[in-house]
Amino acid sequence: MSDPLDVGQWAKNWEAMARQAQATMSGNSAQPVWGNAAASPPSWFENMAQANSFSGGKQQSAAMEHLLAGAQGYLGMLQSLASGAMGQGASGFSNPFATAGFSGAFPPSAMSNPFGAAMRGFGNQGAVGFDQMMEQFSAAVGPMFDKAKGALHMPAFGHLREKQENLQKTAQVFIDYQEQSARYDRLMLKVGEKAFARFQLKLAEREEPGRQIDSARGLYDVWIDAAEEAYAEIALSEEFREVYGAVVDAQMRVRQQVQGEIEKFCNQLGMPTRSEVNSIGERLQALRREFREERESTGDHEGLQAEVAELRRELAALKSTRKETVKSAALLERAEPVKATKPAKSKKSAKLNKAAKSPKAVKASKAIKASKAKEAARVEVIAENKSTTKKTSRKKDSKVAPSHREKRRKSIASKSERKSVPITKSRAAKSKDAAGSGSFAASIARFARKSKTASVSGRSSGAKPIARKRGGSK
Amino acid sequence: MGPLNIEPFKLFEEAQKFQKKMTAGMQVLRSLDDVEFGCTEKDEVYREDKLVVYRYRGDSKPTAKTPTLIVYALVNRPYMVDLQEDKSLVRNLLAQGEDVYLIDWGYPDLADRWLTLDDYINGYIRRSVDAVAKNAGVKKINVLGICQGGAFSLCFTAIHPHKVKNLITMVTPVDFHTPDNMLSNWTRTMDADLFVNTIGNVPADLMNWCYLMLKPMRLLQQKYVGMVEILDNKAELENFLRMEKWIFDSPDQAGEAFRQFMRDFYQGNKLIKGGLKLGKHEVDLKNITMPVLNIFAEQDHLVPPDASRAMQGVIGSKDYTQIAFKGGHIGIYVSSRAQREVPPAIHDWLRARA
């Protein structure tokens, strides 16, 4: 059974660790910020680096060190092969795996597992010091993990309740992260094993003469291919998906917890915090969005003016088209026998023009045109028939036989009523007018007949024969 | 017979050569000037917050009547499309007669922490498109979206189809749940809210680390072994360092936009499944009825080809063309094959739809 947790000591350790973490984050730490992912270079590599007199300038040296760190796998392999060649001669060297076994054929630097460093790298990117913070936490709290675990779920009470609960939560997220991180590392070890297995398979494929590997670089490239393939297989798996998500989430919880602690500390010192800046930023962005939306919806005069100008142009074009149509229709009607329909037509066209541009109006206008055209055709046919019997009988006809004229007009009106209501109404009205004028003309004719004097009508050469003819037909 | 047939003499020769390259490399590295990038003259046509829209100047006036706006991803700097004279998508498009504009997002900081995808797509992109259209005196423009910028362009075009004449997407993910999408696999179970609430803006170094971990052996080791081989060649070394500059010169990611991109695109796969909402607007890819050219890279480790191919059939356009480029996510802009193949393909496609 483990000893009871010394909460006082634990809290002391935690506070010391938090101070160190703060120092690291503020850049005062003497430790490197990039963690310890890079393995120490092999001796051959060190000698080579020294031989190249890289100490010409600090910057160049750093650049070259980075380059060599990247190339260390290749250099290690080269070194290993060279050692094998020196010690065993060409015959033994051709298969370094035969004696040492595969895993011992190359030094760890040559085939270091880079995948283990992946999540450490993730932790360090963009949040300097996370790795160090975790190490410090392990050093401070690690020995008491077992005790801490048991105490983490104990209820907190008393005047330090909040503080104690917070400490428990902090410890819990750190422990969770370490557990998830360990799962991730185990998965990466699996990648390493698979990579070696795949490498062996690839080498076996190269045993045939002509396909053998004849350079260290060639061998290195085969190793890289094998490692990448093995990694891709795991990295695309559902297991990786779950482990990766869990370790990232765990890391975020640690960060959040630490940020919370720092914010509390800042609040006590009267310093602004990230949360406060975030609140202001969120409100500001919402305001900007609202302002822009408002401005665009109501204040975009330029766009509106352009739209109105375009609409006006369209309207003017429509009007001019309509006028032309009306003119041509008027010309057509002048050639027609029924003069009375003209003014009605123009009035209607004007009304229709005003009524505007809607598709319904356009349809209606088409219907009007069609009915007018039909009506005109009918009238023309009637007039033609008439003219075959007596070419000059139109006016006389209207005067001498008002009842026929009236009937015909009524018939036309009723026919067009079937086609189009607005037209027939006015036509019918006009037909009545026409009938009225017809009876007046008839009474004049009667008067003319009675007086039996054609001398009064001698002023108009047209009226006389009509009246005479009409009267004659009677 | 074993798999190795390395002559000891050759081995020592190889080691010696490596050492010589390193020594010569030191001299070359000392003689190098600062790395420069971006080779084409450009003029600013619109600016808002940290965003700037540029119009590139070609040697002669553009023959294309419709301008093309490049919408780059937020996760890297857009000068990848105009890296250097012999590696420039922009330069080659200008040479073909296209009128090229580009959105430079700048480097978001804490003030941009609350920018949402709605702010980016219905705000910044919409206003940039309007600015380009106004500048060119046209009503509709061509949009060329790259990578994440391609996904944004799809959303924008679906919401504002009347503003886009032709849409071109390059290495653009549409289906985020293809089985070979490593980034998607990693983010699927992560708590996006916890992540963004904790770290706010996502640091560029963290993003870069994730990209490196997609191929850790190649990108952290093998690449630098290859670098030793070109250490004594100034021109090649400059090219290499320019690429390094671009790779690690990344902006931080605005927290809210990142949260939504992770949750709705990577986790929810809503771009293709539906249900994606940006502000007041629903994103329905069926609204994309204009001609679409989709170019993807066959060896893309960031956006697998299948993730791009999925566009076919989910958009409303009947004029859909796709081109599979033989190369990777970066090679599609900077390889010599890309210079030969990609800009003429884009130009020809646009010309047929001018």
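A quick note: this is a predicted structure, and the numbers were derived from the prediction, not measured.

Enquirer: Is there a simple way to explain the packing of helix α9 (residues 216-235) of chain A against helix α8 (residues 216-229) of chain B in this structure?
Expert: Geometrically, a packed helix pair is captured by the angle between its two axes and the distance between the axes. Axis separation between α9 of chain A and α8 of chain B bottoms out at 9 Å; the angle between their running directions is 165°. Judged on the interaxial angle alone, α8 of chain B and α9 of chain A are roughly antiparallel. Considering how the two elements wind past one another, α9 of chain A and α8 of chain B form a crossing that is left-handed. Between α9 of chain A, through Y220, I224, A227, E228 and Y231 of chain A, and α8 of chain B, the contact on the second element is made entirely by P216, M217, R218, Q222 and V225 of chain B.

Enquirer: What should I look at first to understand the sheet that holds strand β7 (residues 141-146) of chain B in this one?
Expert: Strand pairing in a sheet relies on backbone hydrogen bonds. The paired strands run either parallel or antiparallel. All names here are of chain B. Sheet architecture is open: eight strands sit in the order β1-β2-β6-β3-β7-β8-β11-β12, paired in mixed fashion. Looking at strand neighbours, the two that pair on one side only are β1 (42-48) and β12 (320-325), the edges of this open sheet. The average undirected angle you get between the axes of adjacent strands in this sheet is 20°. Across four bridges, the pairing between strand β3 (residues 68-71) and strand β6 (residues 100-104) is parallel. Among the inter-strand pairings, V71 is bridged to a residue of β6, identified as I103.

Enquirer: Would you take a moment to explain the nonpolar core for this structure?
Expert: Considering soluble globular proteins, one finds that nonpolar side chains tend to be buried as a cluster. Counting residues in hydrophobic clusters, the biggest one holds 147 residues, and the most contacted among them are L69, I70, V71, L102, I146 and C155 of chain B. Among the elements that make up this core, the one with the highest residue count is helix α8 (residues 161-205) of chain A (11 residues). Every residue in contact with V71 of chain B, bar those within four places of it in the chain, is listed here: I103, I125, V143, L144, G145, I146, G149, F152 and S153 of chain B.

Enquirer: What should I look at first to understand the pairing of β3 of chain B in this one?
Expert: Sheet faces and side chains relate simply in a regular strand, where the side chains alternate between the two faces. Residues and elements named next belong to chain B. Alternating positions in β3 separate into two faces, T68 and I70 on one and L69 and V71 on the other, with burial throughout. Relative to β7, β3 runs parallel, the two being bridged by four bridges. Along β7, the bridge assignment pairs V71 with G145.

Enquirer: Help me understand the interface of chain A and chain B, please; the structure alone is not making it clear to me.
Expert: How big an interface is tends to be expressed through the accessible area that disappears when the partners come together. On the chain B side, the residues contacting the 62 residues of chain A number 56 residues. Residue assignment for the side of chain A that touches chain B shows that the elements contributing at least two residues are α3 (58-93), α5 (118-124), α8, α9, α10 (238-269) and α11 (274-298) of chain A. Sort the elements by how many residues they give to the side of chain A that touches chain B and α3 of chain A lands first, with 14 residues.

Enquirer: Where do I start with helix α4 (residues 148-159) of chain B in this structure?
Expert: Because the α-helix completes a turn every 3.6 residues, residues three or four places apart line up on one side. All names here are of chain B. Helix length check: α4, at 12 residues, gives a terminal C-alpha distance of 17 Å against a target of 16 Å (1.5 Å per residue), a fit within 8%. Counting buried residues along α4, 12 of its 12 residues qualify, which places the element largely inside the surrounding structure. If you check which residues of α4 are buried, you get Q148, G149, G150, A151, F152, S153, L154, C155, F156, T157, A158 and I159.

Enquirer: Is there a simple way to think about the packing of α10 of chain A against helix α6 (residues 192-199) of chain B in this case?
Expert: Axis separation between α10 of chain A and α6 of chain B bottoms out at 9 Å; the angle between their running directions is 35°. For the element pair α10 of chain A and α6 of chain B, the recorded crossing hand is left-handed. Where α10 of chain A abuts α6 of chain B, its residues V248, D249, M252, R255 and Q256 of chain A lie against L194, F195, T198 and I199 of chain B. Looking at the contact of α10 of chain A with α6 of chain B, its residues break down into five nonpolar, two polar and two charged.

Enquirer: Would you take a moment to explain α8 of chain B for this structure?
Expert: The end-to-end C-alpha distance of α8 of chain B, which contains 14 residues, comes to 20 Å, matching closely the 20 Å that a straight helix rising 1.5 Å per residue would cover. Considering bend angle alone, the principal kink of α8 of chain B is centred on Q222 of chain B and spans about 35°.

Enquirer: What exactly am I supposed to notice about unusual backbone geometry here?
Expert: Leaving glycine out, the prevailing phi sign among residues is negative, and the prevailing peptide bond configuration is trans. Residue and element names in this part refer to chain B. In this structure, C147 is a non-glycine residue whose phi angle is positive, near 55°. Counting through the fold element by element, C147 comes out in the loop between β7 and α4. Residue C147 is classed as buried on the basis of its C-beta count, with 24 C-beta atoms lying within 10 Å. Backbone geometry at N269 places phi at a positive 50°, although glycine is not the residue there.

Enquirer: Whenever I open this one, the confidence of the model for chain B confuses me. Can you help?
Expert: In regions of low pLDDT, the predicted coordinates are not meant to be interpreted in detail. On average, residues of chain B carry a pLDDT of 95, and 100% of them reach 70 or more. As a predicted assembly, this complex carries a pTM of 0.70 together with an ipTM value of 0.92.

Cut-off values and rules
Residues numbered from 1 in each chain as written. Chains lettered and ligands numbered in written order. Predicted model: local features only at pLDDT ≥ 70, side-chain atom pairs only at ≥ 80, totals over all residues. Axes fitted to C-alpha atoms, helices over the stretch in contact; angles between N-to-C directions. Helix = DSSP H or I, 4+ residues; strand = E, 2+ residues; numbered from the N terminus. Parallel < 35°, antiparallel > 145°, perpendicular 65-115°, else oblique. Left-handed = near helix turned anticlockwise from the far one by under 90°. Contact = placed C-beta atoms within 7 Å. Pairing = 2+ DSSP bridges. Core = buried A, V, L, I, M, F, W, Y, C linked by C-beta atoms within 7 Å. Buried ≥ 20, exposed ≤ 12 C-beta atoms within 10 Å, placed from the backbone. Expected span 1.5 Å × (residues − 1). Nonpolar A, V, L, I, M, F, W, Y, C, P; charged D, E, K, R; others polar. Bend = angle between axes of the 7 residues up to and from the residue. pLDDT = per-residue confidence, 0-100.

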